[in-house]
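Summary of structural features
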Amino acid sequence: MNSRVGAYFKSNNILRTGNTEMFVKTFAMLLLYFVPYGVILFGLVTGPVMLLMMVVLMSFGLGGIGLSVMHDANHGAYSKRKWLNSLVGYSINLIGANAFNWKMQHNVLHHTYTNVDGEDEDIISRGVLRLTPHTKWKFIYRFQHIYAWFLYGLMTLSWMFAKDFARIVKYHNNGLAKKQKASIVKEWIILVGTKLLYVTYIFVLPLIFTSLPWWQILIGIFIMHFIAGFMLSIIFQPAHINEDAEFPVPDDSRMLPNNWAIHQLLTTTNFGHNHGIFSWYIGGLNFQIEHHLFPSICHVHYRRIASIVRSTAQEFNLPYHSTKTFFGALKGHGRILKKLGFKPASYAPSTQPD
């Protein structure tokens, strides 16, 4: 597969990293976020309806930066220039989160141990959510297919105010930061400094330069993050927590049953390949298989290499899970949430390839 994908780029004389499409998208997403912000800050609109419209536009800009801009940059796929990847990667700090923590959780843990309980933090039980059949069952999980959708909206708020601080401590204490040769002092300075910058421009400046009371500003921030968090969650969750994906268990020596590439095929699902505008907005993450197998390739190329990946997987009798529509993927995610909410005996996931 590596050879065939490499041949595609060589024969077409194109780079694996971003191109003009990627740069235009970056500009568009930043504008979608900061133009409505400026409109609010300088009092160019008044009234709750118009202000709410600006907040909604900002939420789509925030989601777009997360899905289509910082994601590629923090994978080193945005540009062949490392400094540019690093600079654009910090756009996640600009919207309230933290690049270092994101790379530890996403690049290192999620992409290496996809759907492995205890290692992939994306499926670790979050109090009232059971996202893997290997999590100890509680009665409250019986209703998670109902309340999970609300909790998804709190994702970015959780990252911003709590998770980032807890994770940087965890990655320091468990040695992961040291393994990645990160300076924990530097990362703490960046985290605290960019958090203060974010709070300043998203709350303090509107408080000073607009006539809005503090509580209305907080409501606007909450609505913006709730919409963005919900969008981000319903894009990422169906790709791995669905009825096709497996949840492999390491053996006694902590070895997984398959090599890394096959593991990605068994634990990942695509969806909505024919949704053009949707695919553009979410950074090609509906091609999740291609992303997991080739995270250093910019997402603008996924739709063109998908046929190579699919045909090669099928040639070697390996699965290429794909749901035709995004809404079909969401329904499947809802069904697996409900199944995982049952007592363990009522749900036994497959441990072998289809």
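The structure under discussion appears in the preceding block.
Cut-off values and rules
- Residues numbered from 1 in each chain as written.
- Predicted model: local features only at pLDDT ≥ 70, side-chain atom pairs only at ≥ 80, totals over all residues.
- Heavy atoms only, no water.
- Patch = residues over 30% accessible without salt bridge, like charges linked within 9 Å, V, L, I, M, F, W, Y side chains within 5 Å.
- Areas by Shrake-Rupley, 256 points an atom, 1.4 Å probe, with all protein chains shown as cover.
- Salt bridge = Lys/Arg side-chain N within 4 Å of Asp/Glu carboxyl O.
- Helix = DSSP H or I, 4+ residues; strand = E, 2+ residues; numbered from the N terminus.
- Buried < 20%, exposed > 50% of the residue type's maximum accessible area, 1.4 Å probe, protein only.
- Axes fitted to C-alpha atoms, helices over the stretch in contact; angles between N-to-C directions.
- Parallel < 35°, antiparallel > 145°, perpendicular 65-115°, else oblique.
- Left-handed = near helix turned anticlockwise from the far one by under 90°.
- Contact = heavy atoms within 4.5 Å.
- Nonpolar A, V, L, I, M, F, W, Y, C, P; charged D, E, K, R; others polar.
- Phe/Tyr/Trp six-rings, centres within 6.5 Å; stacked < 30°, edge-to-face > 60°.
- 1 Å grid on protein atoms, 1.4 Å probe; cavity = no way out; pocket = protein on both sides within 12 Å on 5 of 7 lines; lining within 4 Å.
- Points joined across faces, edges and corners; volume = space filled by probe spheres on them.

Concerning a nonpolar patch on the surface
A surface patch of nonpolar side chains, amounting to about 870 Å² of accessible area, comprises Val199, Val204, Leu207, Ile208, Phe209, Trp214, Trp215, Leu218 and Ile219. Going through the elements one at a time, α11 (184-209) and α12 (214-240) are the ones with two or more residues in the nonpolar patch. With respect to the helices and strands, Trp215 occurs in helix α12. For Trp215, a relative accessible area of 44% translates into the label partly exposed.

Thoughts on the packing of helix α1 (residues 2-11) against helix α16 (residues 302-315)
Contact geometry of α1 with α16 gives a least axis separation of 10 Å together with a crossing angle of 155 degrees. When the interaxial angle is binned, α1 and α16 end up roughly antiparallel. α1 and α16 meet at a crossing whose hand is right-handed. Taken together, the residues of α16 that come into contact with α1 (itself represented by Arg4, Val5, Tyr8 and Phe9) are Arg304, Ile305, Ile308, Thr312 and Glu315. A class-by-class count of the residues in the contact of α1 with α16 yields five nonpolar, one polar and three charged.

Notes on the packing of aromatic side chains
As enumerated under the stated definition, the model contains 16 aromatic pairs in all. Here Tyr198 and Tyr201 contribute two aromatic rings whose centre-to-centre distance is 5.3 Å and whose plane-to-plane angle is 85 degrees, an arrangement assigned as edge-to-face. Residue Tyr198 and its partner Tyr201 are located together in helix α11, separated by three residues, close to a single helical turn. In this structure an aromatic cluster arises from ring pairing among Tyr33, Phe34, Tyr37, Tyr198 and Tyr201.

Quick look at the pattern of salt bridges
On inspection of all chains with the given rule, the structure shows eight salt bridges. Between Arg335 and Glu243 there is a salt bridge, and its shortest N-O distance comes to 3.0 Å. Of this pair, Arg335 sits in helix α17 (residues 326-340) while Glu243 sits in the loop between α12 and α13 (260-267), placing them 92 residues apart in sequence. The class of Glu243 is partly exposed, set by a relative accessible area of 33%. Where Glu243 meets Lys339, a salt bridge forms, and the shortest distance between an N and an O atom there is 2.9 Å. Taken as a pair, Glu243 in the loop between α12 and α13 and Lys339 in helix α17 lie far apart in primary sequence, 96 residues in all. Exposure remark for Lys339: the relative accessible area of 32% places this residue in the partly exposed category.

A word on the layout of surface pockets
Taken as a whole, the largest pocket holds about 780 Å³ of empty space. In this structure, the largest pocket is lined by 32 residues; those nearest its centre are Arg126, Met155, Trp159, Lys163 and Ser233. When contributions to the lining of the largest pocket are tallied by element, the ones reaching two or more residues are α3 (48-68), α7 (99-112), α8 (144-152), α9 (155-173) and α12. Sorting elements by how many residues they give to the lining of the largest pocket places α9 first, with seven residues. Along the lines of polarity and charge, the residues of the lining of the largest pocket split into 17 nonpolar, ten polar and five charged. In this structure, the second largest pocket spans a volume of roughly 450 Å³. For the lining of the second largest pocket, the elements supplying multiple residues, two or more each, are α5 (82-89), α7 and α11. Element by element, the count of residues in the lining of the second largest pocket is highest for α7, at six residues.

Honestly, that's just the spatial picture; any functional story needs more than this.
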